[in-house]
Amino acid sequence: MSTGSTRSMQASVLYEVPGPRTRRRYQLFGVLAAAVLAGLGWYVYDALASNGQFDPAMWAPFEYTTVQQRILDGVRDTLTAFGLAALFSLLWGALLATGRLSDHRWLRWPATALIEFFRAMSLLVMIFALYQAVFSAQPMYALVLGLTLYNGAVQAEIIRSGIQAVPRGQHEAAYALGLRKSQVMLTILLPQAVRSMLPAMIGQLVVTLKDTSLGFLITYTELLYIGKLIANNTSTPHGYPYIPVIMVIAPIYILLCLALTALARWIESRGRRGSNRRTPAAA
């Protein structure tokens, strides 16, 4: 029996190929779903249009250079807060993960308690408390510190799970060579674990980027706060342009998250190509 027929038999066993009636049913479901989505889209558009949200006067503020510059400044401040929070959360997470994996109880128990506390703590409450108690004059510090404490605890669990996913034989072989635990962690475990935990770490960084929008509650001039200022300071015959501002600000957040995801995929692909180029040592 040929290889092609064997594969087709295996595929037919694992998955039953739909017949003509089933395919027509799938097509009908697809058409109905598309019709429902189109109806919802038209309903939303009609509701916004009837309220004057697409009136040219509602979109006029975005033609001014001052407003455009404010939006660019908001993007800059958003990326500044995200960059600092991403860097510090990764460092904080690596420190907590190292402490939780320690053999010493006096180090493992406090690290575990900190991880569980900051993961359970509400991020909004933590940012607001830091702003009111410590950084009332510097809202960016409160936002960055709150994001660092919360996301660092989550990153610590990601790093810990990635290290523990490495086969135990790697530990034993490294210890048999006479390496210390710190050397095993830095040279053997982390390089192998990074590849497996990179998607989860990047996903958490995307969450960190989106959570920078909480800065508008403490008057930090990030993108959402700038959009609120633009909407509050602009009056039109149909009211304040909150919907147009959201329709401008939301795609910017989406583009930033997509850019971060694309960067992560590029880094992951380069790491995969680098590992494939390495040739095993001769026996």
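Residues numbered from 1 in each chain as written. Predicted model: local features only at pLDDT ≥ 70, side-chain atom pairs only at ≥ 80, totals over all residues. Heavy atoms only, no water.

Visitor: Quick question: what am I supposed to make of the side chain of Asp211 here?
Guide: Within the secondary structure, Asp211 is located in helix α9 (residues 181-211). Although Asp211 is buried, it forms no salt bridge, and the closest oppositely charged side chain is Lys210 at an N-O distance of 7.3 Å. Residues in contact with Asp211, not counting those within four places in the same chain, are Leu123, Leu143 and Leu147. (Helix = DSSP H or I, 4+ residues; strand = E, 2+ residues; numbered from the N terminus. Buried < 20%, exposed > 50% of the residue type's maximum accessible area, 1.4 Å probe, protein only. Lys, Arg positive; Asp, Glu negative; His and termini not counted. Salt bridge = Lys/Arg side-chain N within 4 Å of Asp/Glu carboxyl O. Contact = heavy atoms within 4.5 Å.)

Visitor: Whenever I open this one, the nonpolar core confuses me. Can you help?
Guide: Inside soluble globular proteins, nonpolar side chains tend to come together where they are buried. If you look at the biggest cluster of nonpolar residues, it comprises 23 residues, and the most contacted ones within it are Ile71 and Leu223. Elements supplying a minimum of two residues to this core: α4 (65-100), α9, α10 (223-232) and α11 (242-277). The element best represented in this core is α11, accounting for 8 residues. (Core = buried A, V, L, I, M, F, W, Y, C linked by side-chain atoms within 4.5 Å.)

Visitor: Explain α10 to me, please; I cannot follow it from the model alone.
Guide: Since the α-helix advances by 3.6 residues per turn, residues separated by three or four positions end up pointing in the same direction. Every buried residue of α10 is listed here: Leu223, Tyr225, Ile226, Gly227, Ile230 and Ala231. Its side-chain oxygen placed 2.8 Å from the backbone nitrogen of Leu224, Glu222 serves as the N-cap of α10. (Polar contact = N/O pair within 3.5 Å; in protein donor to acceptor, adjacent residues only side chain to side chain.)

Visitor: What's the story with the pattern of salt bridges in this structure? I'm lost.
Guide: Oppositely charged side chains can pair when the atoms bearing their charge come close. This model, assessed by the stated rule, comprises 7 salt bridges. For Asp77, the salt bridge goes to Arg76, with nearest N and O atoms at 3.2 Å. Exposure remark for Arg76: the relative accessible area of 47% places this residue in the partly exposed category. Here Glu157 makes a salt bridge to Arg100, at a shortest N to O gap of 2.7 Å.

Visitor: Sorry, what's going on with the packing of α4 against α10 here?
Guide: Where α4 contacts α10, the two axes come as close as 7 Å, and the packing angle between them is 155 degrees. Taken as axis vectors, α4 and α10 run roughly antiparallel relative to one another. The segment α4 lies against α10, with Val67, Arg70, Ile71, Gly74, Val75 and Thr78 engaging Leu223, Ile226, Leu229 and Ile230. Grouping the constituent residues of the contact of α4 with α10 by class yields 7 nonpolar, 2 polar and 1 charged. (Axes fitted to C-alpha atoms, helices over the stretch in contact; angles between N-to-C directions. Parallel < 35°, antiparallel > 145°, perpendicular 65-115°, else oblique. Nonpolar A, V, L, I, M, F, W, Y, C, P; charged D, E, K, R; others polar.)

Visitor: Whenever I open this one, the packing of α4 against helix α5 (residues 105-120) confuses me. Can you help?
Guide: The axes of two packed helices give the description: the angle between them and the distance between them. Closest axis-to-axis distance for the α4/α5 pair is 7 Å, and the angle between their directions is 135 degrees. On the basis of the axis angle, α4 is oblique to α5. The way α4 lies across α5 gives a crossing that is left-handed. Every residue of α5 that contacts α4 at Trp92, Leu96, Gly99 and Arg100 is listed here: Leu107, Arg108, Ala111, Thr112, Leu114, Ile115, Glu116 and Phe118. Residues of the contact of α4 with α5, tallied by class, amount to 7 nonpolar, 2 polar and 3 charged. (Left-handed = near helix turned anticlockwise from the far one by under 90°.)

Visitor: Would you take a moment to explain the packing of aromatic side chains for this structure?
Guide: When we look at a pair of aromatic rings, we describe it by the centre distance and by the angle of the planes. Taken as a whole and assessed by the stated rule, the structure comprises 5 aromatic pairs. Centroid distance Trp42 to Tyr45: 5.6 Å. Interplanar angle 40 degrees. Geometry classified as tilted. Note that Trp42 and Tyr45 are positioned in helix α2 (residues 20-50) at a spacing of 3 residues, about one turn of the helix. The exposed category is assigned to Trp42, whose relative accessible area is 57%. (Phe/Tyr/Trp six-rings, centres within 6.5 Å; stacked < 30°, edge-to-face > 60°.)

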